[in-house]
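What follows is the residue order along each chain.
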Amino acid sequence: AQSVTQPDIHITVSEGASLELRCNYSYGATPYLFWYVQSPGQGLQLLLKYFSGDTLVQGIKGFEAEFKRSQSSFNLRKPSVHWSDAAEYFCAVESSNFGNEKLTFGTGTRLTIIP
Amino acid sequence: EAQVTQNPRYLITVTGKKLTVTCSQNMNHEYMSWYRQDPGLGLRQIYYSMNVEVTDKGDVPEGYKVSRKEKRNFPLILESPSPNQTSLYFCASSLLRGSYNEQFFGPGTRLTVL
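Given the structure is predicted, the values throughout are model-derived calculations rather than measurements. (Residues numbered from 1 in each chain as written. Chains lettered and ligands numbered in written order. Predicted model: local features only at pLDDT ≥ 70, side-chain atom pairs only at ≥ 80, totals over all residues. Heavy atoms only, no water.)

Quick word on the overall build of chain A
Just so we agree on the cut-off: Numbering of helices and strands runs from the N terminus, with a helix taken as a DSSP run of H or I at least four residues long and a strand as a DSSP run of E at least two residues long. Restricting the calculation to C-alpha atoms gives the radius of gyration, and the globule rule supplies 2.2 Å times the number of residues raised to the power 0.38. Only protein chains enter the accessibility calculation, which uses a 1.4 Å probe. A residue is then buried if its area is under 20% of the maximum for its type, exposed if over 50%, and partly exposed in between. The criterion used for residue contact is that any of the two residues' heavy atoms lie within 4.5 Å. All accessible areas in this document rest on Shrake-Rupley with a 1.4 Å probe, and a residue is counted as covered only by the protein chains that are shown.
Scanning chain A from terminus to terminus reveals zero helices and 12 strands. The N-to-C order of helical and strand elements in chain A reads β-β-β-β-β-β-β-β-β-β-β-β. Taken against the 2.2 N^0.38 rule, which gives 13 Å for 115 residues, the C-alpha radius of gyration of chain A at 14 Å falls within 12% of a compact globule. Considered along the principal axes of its C-alpha atoms, chain A spans approximately 45 × 30 × 25 Å. Evaluated residue by residue, chain A yields a buried proportion of 50% over its 115 residues. Considering only residue pairs separated by 6 or more positions, chain A has 53% of its internal contacts joining residues 24 or more positions apart. For chain A, the accessible area works out to roughly 5300 Å², and carbon and sulfur atoms hold 49% of it.

Structure below.
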């Protein structure tokens, strides 16, 4: 069965510093990978996705992620964080099993930004 | 505007009182799904539907029912809610695979069962 691990429950970063959020997945086939962001009291917003092709994908809000098959990782990065990036971030892998396009989520990483 | 809507956004109820959380999408998506989000557990799939009158269980279906009588609507029904169903619920929809689709999420419904 597929699984996603986000090893960092909580990360604190200074505004303007770089950011990397880790994500490791387990999935037998070629994975479809996603990063979602959830701001306090809000729903889930898609930051970026990887289906195939170029392993470095660009997303919204200046985020990017790199797919590394050999490491089963899909880490999210941003070169310079803004206070508005404070939120919870979820990595997910999509599986398709008899038509169920299920997303399996990691447990999330909460990002705090300090001035 | 393309969107997934959920109602209500917040609900406090008591054990055993039947309730329905509605979900509607205006994107003509075939696939719809319900997730619950709990601290430290991420989001887990409750039920999904591939099209009208086609529904099936996800990972945590106990205590829930769904129906899909129309393509745009996918209500979540709790026949006899219990405190362990206190959670944040999300509805999602997408086109079925074949078009590198993404899933669109509703704003969430925060349910408290006393």
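Don't stop here, the text continues.
Considerations on the interface of chain A and chain B
Keep this limit in mind: When two parts are brought into contact, each loses some accessible area as probed by a 1.4 Å sphere; the total of that loss over both is the buried area. In the sections that follow, a salt bridge refers to a side-chain nitrogen of Lys or Arg positioned within 4 Å of a carboxyl oxygen of Asp or Glu. Here a polar contact is taken to be a pair of N or O atoms separated by no more than 3.5 Å, where protein atoms must pair a possible hydrogen donor with a possible acceptor and residues adjacent in sequence count only if both atoms sit in side chains. Residue polarity follows a fixed list, in which Ala, Val, Leu, Ile, Met, Phe, Trp, Tyr, Cys and Pro are nonpolar, Asp, Glu, Lys and Arg are charged, and the others, Gly among them, are polar.
Taken together, the 25 residues of chain A in the interface contact 23 residues of chain B. Counting each side, the surface lost to burial between chain A and chain B is near 2000 Å², with a carbon and sulfur contribution of 50%. A per-residue breakdown of the area chain A buries against chain B is headed by A:Leu44, A:Asn100 and A:Glu101, which together make up 25% of the total. Linking chain A to chain B there are two salt bridges. At the boundary of chain A and chain B, one finds four residue pairs in polar contact (both at pLDDT 80 or more). Listing elements by their share of the side of chain A that touches chain B, those giving two or more residues are strand 5 (32–38), strand 6 (44–50), strand 10 (87–97) and strand 11 (100–105) of chain A. Here the side of chain A that touches chain B takes five residues from strand 11 of chain A, the largest share from any one element. Classifying every residue of the side of chain A that touches chain B gives 10 nonpolar, 11 polar and four charged.

Some points on unusual backbone geometry
The step from B:Asn7 to B:Pro8 runs through a cis peptide bond, and the omega angle for that step is -5°. Tracing the backbone shows B:Pro8 in the loop between strand 1 (4–7) and strand 2 (10–13). Even without being a glycine, A:Lys61 presents a positive backbone phi close to 60°. As for its position among the elements, A:Lys61 is in the loop between strand 7 (56–58) and strand 8 (64–68). Despite not being glycine, B:Asn28 has its phi angle at roughly 60°, a positive value. Structurally, B:Asn28 can be placed in the loop between strand 3 (19–25) and strand 4 (31–38).

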